[in-house]
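Report on the structure
Single-letter residue listing:
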Amino acid sequence: MKLGNVAAIVTGGGSGLGAETARALAQRGAKVTCLDVNVQGAEKVAGEIGGLGVKADVTSESEAQAAIEKAEARHGVTRILINCAGIGTPARVVGKKGAFPLEVFSRVINVNLIGTFNMIRLVAARLWEAEIEGEERGVFVNTASVAAFEGQIGQAAYSASKGGIVGMTLPVARDLAQYRIRVNTIAPGLFLTPLLESLPPEAQESLGKQVPFPSRLGDPAEFAALAVHIVENPMLNGETIRLDGAIRMQPR
């Protein structure tokens, strides 16, 4: 799909991978809405790219629906959805403080997996009857993680949530194929997101050396470039693409 003058929503668009993807889409001419619980971040990025910043929790049907309607009122029907919103709360199944709190596990699943599906279903429900652009109506790109395949110690919740995203990619793509909507997922490795930026430089360098090649942390612009390519390449559908420099995560 050509991005010129096409409406896009990026969840988690206020920082990290989402922010950089919003910038990349806008550079290609897309009309971008940055959706984030951190409205200050969303509005800041939106201000840089001439887009719209909206506060919304992706786990809330009402908030997500209202955000989609705001985006549509400003930019027209949303054809591109990039799901970058997510959280990670590391904890062992059993630790010094006892069992992994079930509410924490549930929260990670709710934001990462159910939040992703919530946005997919709500955008698709407004898109499926829209005019066809070229040979398709829209493209959705989700964010998983290499932790979906090689979860480390303490990543039970995070890995389960990202594994769920990988698992639903093909069936959702098959569901939406009849409406000419494509669905793909990116599974990034170690990227220089705000979480890793908070680490000392020596820690960042050490993590980067775990990557076979290139032996460094990923640049969010590289994630954004792949997201843009997925949107623009009509034969990419139902696929999960690892973007990880060939890393295979060790237990710790």
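Remember, it's a predicted structure, so these values are computed and weren't measured experimentally.

1. Quick look at the overall build of the protein chain
- Helix and strand counts for the protein chain stand at eight helices and nine strands.
- For the protein chain, the C-alpha radius of gyration of 18 Å lies close to 18 Å, the compact-globule estimate for 252 residues.
- With respect to the three principal axes, the spread of C-alpha positions in the protein chain is 55 × 35 × 35 Å.
- For the protein chain, the proportion of its 252 residues judged to be buried stands at 51%.
- Partitioning the contacts of the protein chain with sequence separation of at least 6, the portion at a separation of at least 24 is 70%.
- Total accessible area computed for the protein chain in this model is approximately 11,800 Å², and 54% of it derives from carbon and sulfur atoms.

2. Some words on the pattern of salt bridges
- As enumerated under the stated definition, the model contains 14 salt bridges in all.
- Its salt-bridge partner being Glu20, residue Arg23 comes within 3.1 Å of it at the nearest N-O pair. Here Arg23 and its partner Glu20 are both found in helix α1 (residues 16–27), three residues apart, which amounts to about one turn of the helix.
- Residue Glu20 is classed as partly exposed on the basis of its relative accessible area of 26%.

3. Structural notes on the packing of aromatic side chains
- Per the counting criterion, the structure on display carries two aromatic pairs.
- With a centroid separation of 6.0 Å and 75° between ring planes, the pair formed by Phe100 and Phe105 is classed as edge-to-face.
- Under the relative-accessibility criterion, Phe100 is labelled buried at 13%.
- For Phe105, a relative accessible area of 28% gives the class partly exposed.

4. With respect to helix α3 (residues 61–75)
- Taking 1.5 Å per residue as the helical rise, α3 with its 15 residues ought to reach 21 Å, and the 21 Å between its terminal C-alpha atoms agrees with that figure.
- Listed as buried for α3 are Ala64, Gln65, Ala67, Ile68, Ala71 and His75. Axial view of α3: buried residues confined to an arc of 160°, hence all on one face. Exposed residues lying more than 90 degrees from the buried face of α3 are Ser62 and Ala73.
- Looking at the buried side of α3, the elements it contacts are β1 (7–11), β2 (31–36), β3 (52–55), β4 (78–83) and α4 (102–127).
- Remark: Gly76 follows α3 within two positions and exhibits a positive phi of approximately 95°.

5. What to know about the packing of α1 against helix α2 (residues 39–49)
- Two numbers describe how α1 lies on α2: the axes approach to 10 Å, and their chain directions differ by 20°. For the element pair α1 / α2, the angle class is roughly parallel. As α1 packs across α2, the resulting crossing turns out to be right-handed. Along its contact with α1, which presents Ala19, Ala22, Arg23 and Ala26, the element α2 presents Val45, Glu48 and Ile49.
- Taken together, the residues of the contact of α1 with α2 break down into five nonpolar, no polar and two charged.

About the cut-offs
Residues numbered from 1 in each chain as written. Predicted model: local features only at pLDDT ≥ 70, side-chain atom pairs only at ≥ 80, totals over all residues. Heavy atoms only, no water. Helix = DSSP H or I, 4+ residues; strand = E, 2+ residues; numbered from the N terminus. Rg over C-alpha atoms; globule rule 2.2 N^0.38 Å. Buried < 20%, exposed > 50% of the residue type's maximum accessible area, 1.4 Å probe, protein only. Contact = heavy atoms within 4.5 Å. Areas by Shrake-Rupley, 256 points an atom, 1.4 Å probe, with all protein chains shown as cover. Salt bridge = Lys/Arg side-chain N within 4 Å of Asp/Glu carboxyl O. Phe/Tyr/Trp six-rings, centres within 6.5 Å; stacked < 30°, edge-to-face > 60°. Expected span 1.5 Å × (residues − 1). Arc of directions from axis to C-beta. Axes fitted to C-alpha atoms, helices over the stretch in contact; angles between N-to-C directions. Parallel < 35°, antiparallel > 145°, perpendicular 65-115°, else oblique. Left-handed = near helix turned anticlockwise from the far one by under 90°. Nonpolar A, V, L, I, M, F, W, Y, C, P; charged D, E, K, R; others polar.

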